[in-house]
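Overview (structure and organization)
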Amino acid sequence: MISAEHSPLTRKLSAFVALSEVELAVLERLHQRRRSFIAGRDMVHQGQSAQAAYILSSGWVCSYKLQADGTRQIVDFQVPGDFLGLRSVLLRTSDHSFEPIVDIEASEVLASDLLDAFARTPRLATAILWAASRDEAMVVEHLVGIGRRDADARMAHFLLELGSRLSLVGLGSREGFDCPLTQYHLADTLGLSAVHVNRVLRQLRESGLVTFRDGRVTFHDYGGLVNLAEFDPAYLDQTGPLLK
């Protein structure tokens, strides 16, 4: 694993605050319990108590809720630089599950670690609150997407959001990004069937906007995709540090 100074989380938080040496040292301590997890086995179960939070260093994770009939709704995907279970670590039980999509590396963070970090570095605490607020803004956008956007715009908005999130940590650009998601992941995220997902991706490809093939999303007409999705990245709030 790379040092915290060059970690995806540091790159992400630097979009909000210019981190000092002291703050970087505290981030390094938050990365001290480094663990590996295999794909397909939940890190945190829905309803689990006394769980830790995690800082994702590499790989992708999905957070999801299971219904009584066994179906699931994927709430979001976590990419390098994201916290997993930041909210749940301060609650009595986790309200959803986390499953690695690929083998991942993450740092375990206990509630006591977070409270100590917040006490030592209030600006870092503010930056982590910014990250949590940004996550909430993304959930709002996903709710709007499922409730009000048609399938083409829903897919386009989702792919553009992923690209923006990954570009913040150096893993994506306006040309595209590597993506391990399957059509079943997309279906469980966007409220579509796998067959409908296949049809939408084909339509977007044939329209010359974007191709998702062999683990790679390639943007052919980024501006056209933005117009289709009516994508405004302001809610991602990643244009530069607010705190110097």
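- As recorded in an unreviewed UniProt entry, the protein goes by Crp/Fnr family transcriptional regulator and comes from Psychromarinibacter sediminicola.

**Some remarks on the overall build of the protein**
- Scanning the protein from N- to C-terminus turns up eight helices and 11 strands.
- Rg of the C-alpha trace for the protein: 18 Å, near the compact-globule value of 18 Å for 244 residues, within the 12% margin.
- In terms of principal-axis extent, the alpha carbons of the protein reach across some 55 × 45 × 30 Å.
- Summarising the internal contacts of the protein: among those between residues at least 6 apart in sequence, 73% fall at separations of at least 24.
- Only carbon and sulfur atoms are counted for the fraction: they give 52% of the accessible area of the protein, which is about 11500 Å².

**Thoughts on the side chain of Arg165**
- Position of Arg165 among the secondary structure elements: in helix H5 (residues 151–168).
- Of the polar contacts made by the side chain of Arg165, one reaches the side chain of Asp76; its length is 3.3 Å.
- With sequence-adjacent residues up to four places away left out, Arg165 is seen in contact with Asp76, Phe77, Gln78, Val79, Asp82, Arg134, Met138, Leu236 and Gln238.

**A word on the UniProt feature "domain: HTH crp-type" (unreviewed entry) in the protein**
- Under the local residue numbering, the UniProt record ascribes the feature "domain: HTH crp-type" (unreviewed entry) to residues 149–223.
- When the span residues 149–223 is considered, its composition is 55% helix and 17% strand, and the gap between its end C-alpha atoms is 18 Å.

**Notes on the sheet that holds strand E6 (residues 97–100)**
- Judged by pairing direction, the sheet is antiparallel, and its three strands sit side by side in the order E4-E3-E6 without closing on themselves. Unpaired on one side and paired on the other, strand E4 (72–78) and E6 mark the two borders of the sheet. Averaged over all pairs of adjacent strands, the angle between their axes in this sheet comes to 30 degrees, without regard to strand direction.
- Here strand E3 (residues 61–66) pairs with E4 via six bridges, running antiparallel. Looking at the pairing, Leu66 lines up with Arg72 of E4.

**What about unusual backbone geometry?**
- Here the phi dihedral of Glu230 falls at roughly 50 degrees; this positive angle occurs in a residue that is not glycine.
- Relative to the assigned elements, Glu230 resides in the segment after helix H8 (222–229).
- Among the residues examined, Glu230 registers a relative accessible area of 69% and is labelled exposed.
- Not every positive phi belongs to a glycine, and Asp237 is a case in point at roughly 50 degrees.
- When you line up the elements, Asp237 lands in the segment after H8.

**Describing the domain arrangement of the protein**
- Considered domain by domain, the protein is made up of domain 1 (8–124) and domain 2 (136–236).
- If you average the C-alpha positions of domain 1 and of domain 2, the two centres end up 23 Å apart.
- Domain 1 puts 17 residues into the contact, and the matching count from domain 2 is 20 residues.
- When domain 1 packs against domain 2, the two sides together hide about 1600 Å² of surface, and 65% of this comes from carbon and sulfur.
- In this structure, the salt-bridge partner of Arg165 is Asp76, at a minimum N-O distance of 3.3 Å.
- Between domain 1 and domain 2 we count eight residue pairs in polar contact (both at pLDDT 80 or more) in total.
- If you list the elements that add at least two residues to the side of domain 1 that touches domain 2, you get helix H1 (8–13) and E4.
- Counting residues per element, the side of domain 1 that touches domain 2 draws most heavily on E4, at seven residues.
- Per-class residue counts for the side of domain 1 that touches domain 2 are 10 nonpolar, two polar and five charged.

Parameters and conventions
- Residues numbered from 1 in each chain as written.
- Predicted model: local features only at pLDDT ≥ 70, side-chain atom pairs only at ≥ 80, totals over all residues.
- Heavy atoms only, no water.
- Helix = DSSP H or I, 4+ residues; strand = E, 2+ residues; numbered from the N terminus.
- Rg over C-alpha atoms; globule rule 2.2 N^0.38 Å.
- Contact = heavy atoms within 4.5 Å.
- Areas by Shrake-Rupley, 256 points an atom, 1.4 Å probe, with all protein chains shown as cover.
- Polar contact = N/O pair within 3.5 Å; in protein donor to acceptor, adjacent residues only side chain to side chain.
- UniProt positions renumbered as here; feature names shortened; annotations may be inferred.
- Pairing = 2+ DSSP bridges.
- Axes fitted to C-alpha atoms, helices over the stretch in contact; angles between N-to-C directions.
- Buried < 20%, exposed > 50% of the residue type's maximum accessible area, 1.4 Å probe, protein only.
- Domains from an automatic or database assignment.
- Buried area = accessible area lost by both parts, 1.4 Å probe.
- Salt bridge = Lys/Arg side-chain N within 4 Å of Asp/Glu carboxyl O.
- Nonpolar A, V, L, I, M, F, W, Y, C, P; charged D, E, K, R; others polar.

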